[in-house]
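What the coordinates show
Listed here are the chains, written in short residue letters.
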Amino acid sequence: MAAQALLHGFSYNPGVRGASNPVSSKGEFAGIESMMPHTLHFILPKSGQYARHGLGAVVAELETELVALETAKPNTSEKPQRVGGGGGGRQRVKARQKSQSTKEPQHTPRLEWLKQEGIDLTNEQTIWRINRSISRSSSVTEALGVIEEMKAAGIDSANEGTYLALITVCRRQQQGERALSIYEAMKQAGVKPGMLTYNTLISCCHQAKRLEDAFRIKAEMEAAGMRPDVVTYTALMALVVKTGPYRGRSSPAQRLGKALELYKEMLERSIRPDAITFNTLMFAGAQAKLPGKVLDIYRMMIDAGVTANKFTFGILLESAGSGGRLKAALEVFNEMCAAGVAPQTSTYNFLIEACASAPHPNAEKAWALYEEMKTIDNVSPNGQTYNHLITASCKSGDHAGALRAHELMRDSGFSKAVTSSTFNKLIQSASKSEGLDSAFQVYKKMREAGYKPDVITFGTLVSACGQGKDLARALTVSEEMESLGIKRNQVVQHALIGAYGQAGQWQNAIDIFRMMQQSGEEQPTALSYGMIFDACFGKEGTNVFLNTSEPGKLEITPDVM
């Protein structure tokens, strides 16, 4: 009866997928794991559906990992704590210590104990329950411990479920490469994988970033007479999209193209894509910074009759926001609300970002969205919100709005979200809206607040000095920059050329240009030539004499009236 009670804990409910089944896990394909999980219900096949095979291949492949599974004997050498205050207490402690030292702890493996109780461990239902026990292991080591118990108990039979259970544990523990080793052992043992095993393996390839292995497994699946399904193709798309950056073999646009090829292959095989498929494709478009393509894929999704979810709208709004597609972002937002998807803080952040990134920045709309988000339940501004407001205000020429957003950020407890980049935007906004003195006031506050200026800070200040025709300040800023060990980049050099040009010192401007030519790091660009022409001849200058004596050398002779 005791054995029956133990086995009762492994009861099988064929009508429920989830906790009562051998393996139940959410397959988080696509590199966008937290963003759009692809649910797979892993159900290990019962033993009767597959021929049994020896466990030798599994154990031989992973035997080195079983050394740590030996049960350690309890440590009885520790001094017992003192109990009671009299001699009787000490005597009782000594008696217990003596009793413990004479009793050797007995450890009987679970499967061996069941065997001693008369349970048939070769029974198909028993093997199925053992497989489920393996799949529920909290670590690969624990799973291998059950395998070792099977071997010790003389159970030399395993089916696909046994291997799938081990592969599932590897996947759950983010050990994709180890899962592939188990797959090779499975093939050597002559065990035929099923669709679920193949799809789980492709998911493991995603974890291990093994693109070639994933397509090899797909080919082996097809060679075995199995037809890939939507899970197979979606996992492959996700692998293509996410693995590329690590391999450095293709651009985001090329990875999107490959994912779309897989999508086309799906349709040719009459495999209906689901929301996860389209989300994966849209994510690829967003990675390629092609907001127009992302919107096209979304329309394909709607035309296919697939319902968009919160992840769909999140990808759409993020892509439209960063791409400055304000009109499209607002349309998607309205569709999201109509679909009953509740907006989040990130939703409004994407919309405000779209206001800042649009070809014609719209600070007024950004502030209206900010006021609206404060009225929505469970939605509140964060540091990113205020940074987008600052950007939108700066680009719209609303310096007062930018300062207000900065003040709100600080007063709302998001001072940590303030960065050197935040001050760089404020400096640029101040120089354009209120002049050079205002820009240096913001720079002073930046230094007093303990923020370290970077090359962008100095480039912005030098440019402002050039526009303000204050060469002395521009040179002072350049010297401060060098004293902090910050190298002048092309932006700063262009700003200095412009400042010298505004001051009528075209010879010094040419010296900076020559330094750029000779540095070998950043060669002059079309903008560089435009800057030096303007510095030498002015914005209206037309008499330019270009004499090229050597490749890479440019002789410039201004037309002196």
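Residues numbered from 1 in each chain as written. Predicted model: local features only at pLDDT ≥ 70, side-chain atom pairs only at ≥ 80, totals over all residues. Heavy atoms only, no water.

1. A closer look at the overall build of the protein
The line we're drawing: By definition, any uninterrupted DSSP run of H or I lasting at least four residues is a helix, any uninterrupted run of E lasting at least two residues is a strand, and each is numbered from the N terminus. Should any heavy atoms of two residues lie within 4.5 Å, those residues are considered in contact. The protein chains shown are the only cover counted for residues, whose accessible areas, like all others here, come from Shrake-Rupley with a 1.4 Å probe.
Each helix and strand counted, the protein has 27 helices and four strands in total. Of the contacts formed within the protein by residues at least 6 apart in sequence, a portion of 65% connects residues at least 24 apart. Entry remark: accessible area of the protein is about 28300 Å², with carbon and sulfur atoms responsible for 50%.

2. Quick look at the packing of helix H17 (residues 345-357) against helix H18 (residues 363-373)
Rule in force here: Only the stretch in contact is used when fitting a helix axis, every axis being a line fitted to C-alpha atoms; angles between N-to-C directions are given from 0 to 180 degrees. Geometric relationships in this document are graded by angle, where less than 35 degrees denotes roughly parallel, more than 145 denotes roughly antiparallel, 65 to 115 denotes roughly perpendicular, and other angles denote oblique. Residues are grouped as follows: Ala, Val, Leu, Ile, Met, Phe, Trp, Tyr, Cys and Pro are nonpolar; Asp, Glu, Lys and Arg are charged; every other residue, Gly included, is polar.
Where H17 contacts H18, the two axes come as close as 9 Å, and the packing angle between them is 170°. Here H18 runs roughly antiparallel to H17, going by the angle between their axes. Between H17 and H18, the residues in contact are Thr345, Tyr348, Asn349, Leu351, Ile352 and Cys355 and Lys365, Ala366, Leu369, Tyr370, Glu372 and Met373, respectively. Of the residues belonging to the contact of H17 with H18, the class tally is eight nonpolar, two polar and two charged.

3. What about the packing of helix H5 (residues 124-135) against helix H6 (residues 140-152)?
Applied cut-off: Here is the rule for handedness: rotate from the far helix to the near one, and if that takes an anticlockwise turn smaller than a right angle the crossing is left-handed, while a clockwise turn gives right-handed.
Look at H5 against H6: their axes get within 8 Å of each other, and the N-to-C directions meet at 150°. When the axes of H5 and H6 are compared, the pair comes out roughly antiparallel. You can see that H5 and H6 cross each other, and the crossing is right-handed. Listed contacts from H6 to Ile130, Ser133 and Ile134 of H5 are Ala143, Val146, Ile147 and Met150.

4. Regarding the packing of aromatic side chains
Using the following cut-off: Stacked, edge-to-face and tilted are the three classes for Phe, Tyr and Trp ring pairs, Trp counted by its six-membered ring, which pair at centre distances within 6.5 Å; planes under 30 degrees apart are stacked, over 60 edge-to-face, the rest tilted. Only protein chains enter the area calculation, which uses a 1.4 Å probe; residues under 20% of their type maximum are buried, those over 50% are exposed, and those in between are partly exposed. Placement of a charge over a ring requires the Lys NZ or Arg CZ to be within 6 Å of the ring centre, with the centre-to-atom vector within 35 degrees of the ring normal.
Here the structure, examined in full by the defined rule, presents eleven aromatic pairs. Taking the centre distance of 6.5 Å and the plane angle of 50° together, the rings of Tyr529 and Phe533 count as tilted. Remark: Phe533 and Tyr529 occur in helix H27 (residues 526-537); sequence separation between them is four residues, near one turn of the helix. Residue classification places Tyr529 among the partly exposed positions, given a relative accessible area of 29%. Take Phe533: its relative accessible area is 24%, and that puts it in the partly exposed class. Here the basic side chain of Arg404 rests over the ring of Trp367, its NZ or CZ set 4.0 Å away from the ring centre.

5. Some thoughts on helix H8 (residues 176-188)
To be explicit about the condition: Working rule for helices: expected span equals 1.5 Å times residues minus one.
Counted at 1.5 Å a residue, the expected span for H8 with its 13 residues is 18 Å, and the 19 Å between its end C-alpha atoms agrees. Restricting attention to buried positions, one finds in H8 the residues Gly176, Ala179, Leu180, Ile182, Tyr183, Ala185 and Met186. Downstream of H8 by a residue or two, Gly190 has a phi angle that is positive, lying close to 80°.

6. Description of unusual backbone geometry
Most of the time, phi is negative for any residue but glycine, and the peptide bond is trans. If you check the backbone angles, Gln174 has positive phi at about 60° while not being a glycine. Its place among the elements puts Gln174 in the loop between helix H7 (160-172) and H8. In this model, Lys469 sits at a positive phi of 55°, which is unusual for a non-glycine residue. A relative accessible area of 62% places Lys469 in the exposed class.

Just distances and angles here, no functional claims.
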